[in-house]
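Here are the chains, one letter per residue:
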Amino acid sequence: MDLVQLQRQLVDYKTSLYNEGFLDEQFTQLQELQDENNPDFVVEVVSLFFEDSERLLNELTKALEQQSVDFKRVDAHVHQLKGSSSSIGAQRVQKVCIAFRNYCEEQNIEGCVKCLQQVRHEYSLVKTKLESMFQLQQQILSAGGSIPM
Amino acid sequence: MAMGMTTQSQTQFHVLAVDDSLIDRKLIEKILKTSSYQVTAVDSGSKALEFLGLNDENIDNEDEDEDDQQVGVNLIVTDYCMPGMTGYDLLRRIKQSSSSKDIPVVIMSSENIPSRINRCLEDGAEDFFLKPVQLSDVNKLRPHLMKGIGSEETQSNINKRKSMEDIHPPDRTRARYNELEVV
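As the structure is a computational prediction, the values presented were derived from the model and not from experiment.

**Quick word on the packing of aromatic side chains**
Inference 1: For the coordinates displayed, the defined rule picks out four aromatic pairs over all chains.
Inference 2: Joined through ring pairs, the aromatic side chains of Phe 49, Phe 50 and Tyr 123 of chain A make up one cluster.
Inference 3: Above the face of the Phe 22 of chain A ring, Arg 92 of chain A is positioned so that its terminal group lies 4.0 Å from the ring centre.
Inference 4: The side chain of Arg 119 of chain B reaches across the aromatic face of Tyr 88 of chain B, ending 4.0 Å from its centre.

Shown next, in the form of structure tokens:
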């Protein structure tokens, strides 16, 4: 695939991520913050998000497996996940977190377990998509091209 | 206010950013640096107090000597929800100490809770940002910083994104800096 095709593919891919609600405005803000002094800023922040999310998902799994669920603790983790997904523009993850927090407030264990499944799913989707996007960007850069915004 | 005066002639302001979230710390740091501020980012209220030269042993630092504070801080931006010391607790501590009470403090939160926002502003916060914080929020900070170093003429608009304008009369916080803080 030639450079122009790759760039076109990237633009289309990004557009679809926004259209399908995987990413929102905040992701655009992140990209706008990236500059020559910090050319890897977006990748760095997103990588932090991946690490942090995986940690939180594990904590959530453990917390919901307890005999007596500590909903405050569960809520605290979801609050963090909601915050970090919001900070990078991972809109679908953020939305599930909002529903998740409501179930925590209601102390609804079934609802919480369901949300955990959902948030894992959304997280895994956005992670795959962002990684694909970064790969595409890397291909373009390696081919000597620049990233279309 | 001693600290601000030393940097008055320079255009680079020093901001102390406080947030327990690594991602948000990285973000706010980048936003501030992009806006040409010098940034120190810490992950807790207690570390912020340490940096400011305030700690549990001497809440009210009587010594106004500039040298007490190795680096002047022109603005503090802090998250509200933090384990241990909240941003609100930190705000209170900063306002209680003579060496730091004149540093403008901005609170950030992911939650738009009017009573929370109100309380912070009542207790001396300069402004309140909803997260995720953006470049445009920080651009609105310049007037607050000018005020912090004693520029009386600068109009201070209270810039809170989303839904707060009707609750706060514009002059209120500007007046505060001319009053003595009653602890």
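Still to come is the rest of the account.
**With respect to the state of the cysteines**
Residue and element names in this part refer to chain A.
Inference 1: One pass over the full model with this rule turns up zero disulfides over all chains.
Inference 2: Here Cys 97 stays free of any disulfide, with the sulfur of Cys 115 as its closest cysteine sulfur at 8.6 Å.
Inference 3: Between Cys 115, a cysteine without a disulfide, and Cys 112, which holds the nearest cysteine sulfur, the sulfur-to-sulfur distance is 6.8 Å.

**What about the environment of Glu 105 of chain A?**
Inference 1: Here Glu 105 of chain A lies in helix α5 (residues 91-106).
Inference 2: For Glu 105 of chain A and Leu 48 of chain A, which are 57 residues apart along the polypeptide, the C-alpha to C-alpha distance reads 28 Å.

**Here we look at the side chain of Gln 26 of chain A**
Inference 1: Counting through the fold element by element, Gln 26 of chain A comes out in helix α2 (residues 25-33).
Inference 2: By relative accessible area, which is 4% here, Gln 26 of chain A ends up buried.
Inference 3: Beyond its immediate stretch of four places on either side in the chain, Gln 26 of chain A contacts Ser 86, Ser 87, Ile 88 and Gly 89 of chain A together with Leu 27, Pro 132, Val 133 and Gln 134 of chain B.

**A look at the interface of chain A and chain B**
Inference 1: With 20 residues of chain A at the contact, the number on the chain B side is 15 residues.
Inference 2: By the criterion of area lost to chain B, the three top residues of chain A are Leu 33, Leu 48 and Ser 87 of chain A, representing 34% of everything that side buries.
Inference 3: Taken together, chain A and chain B are joined by three salt bridges.
Inference 4: In this structure, Asp 35 of chain A engages Lys 30 of chain B in a salt bridge whose closest nitrogen and oxygen atoms are separated by 3.3 Å.
Inference 5: Linking chain A with chain B are six residue pairs in polar contact (both at pLDDT 80 or more), by the criterion used here.
Inference 6: Broken down by secondary-structure element, the contributors of at least two residues to the side of chain A that touches chain B are α2, α3 (41-65) and α4 (71-88) of chain A.
Inference 7: Classifying every residue of the side of chain A that touches chain B by side-chain character gives seven nonpolar, seven polar and six charged.

What counts as what
Residues numbered from 1 in each chain as written. Chains lettered and ligands numbered in written order. Predicted model: local features only at pLDDT ≥ 70, side-chain atom pairs only at ≥ 80, totals over all residues. Heavy atoms only, no water. Phe/Tyr/Trp six-rings, centres within 6.5 Å; stacked < 30°, edge-to-face > 60°. Lys NZ or Arg CZ within 6 Å of the ring centre and 35° of its normal. Disulfide = S-S within 2.5 Å. Helix = DSSP H or I, 4+ residues; strand = E, 2+ residues; numbered from the N terminus. Buried < 20%, exposed > 50% of the residue type's maximum accessible area, 1.4 Å probe, protein only. Contact = heavy atoms within 4.5 Å. Buried area = accessible area lost by both parts, 1.4 Å probe. Salt bridge = Lys/Arg side-chain N within 4 Å of Asp/Glu carboxyl O. Polar contact = N/O pair within 3.5 Å; in protein donor to acceptor, adjacent residues only side chain to side chain. Nonpolar A, V, L, I, M, F, W, Y, C, P; charged D, E, K, R; others polar.

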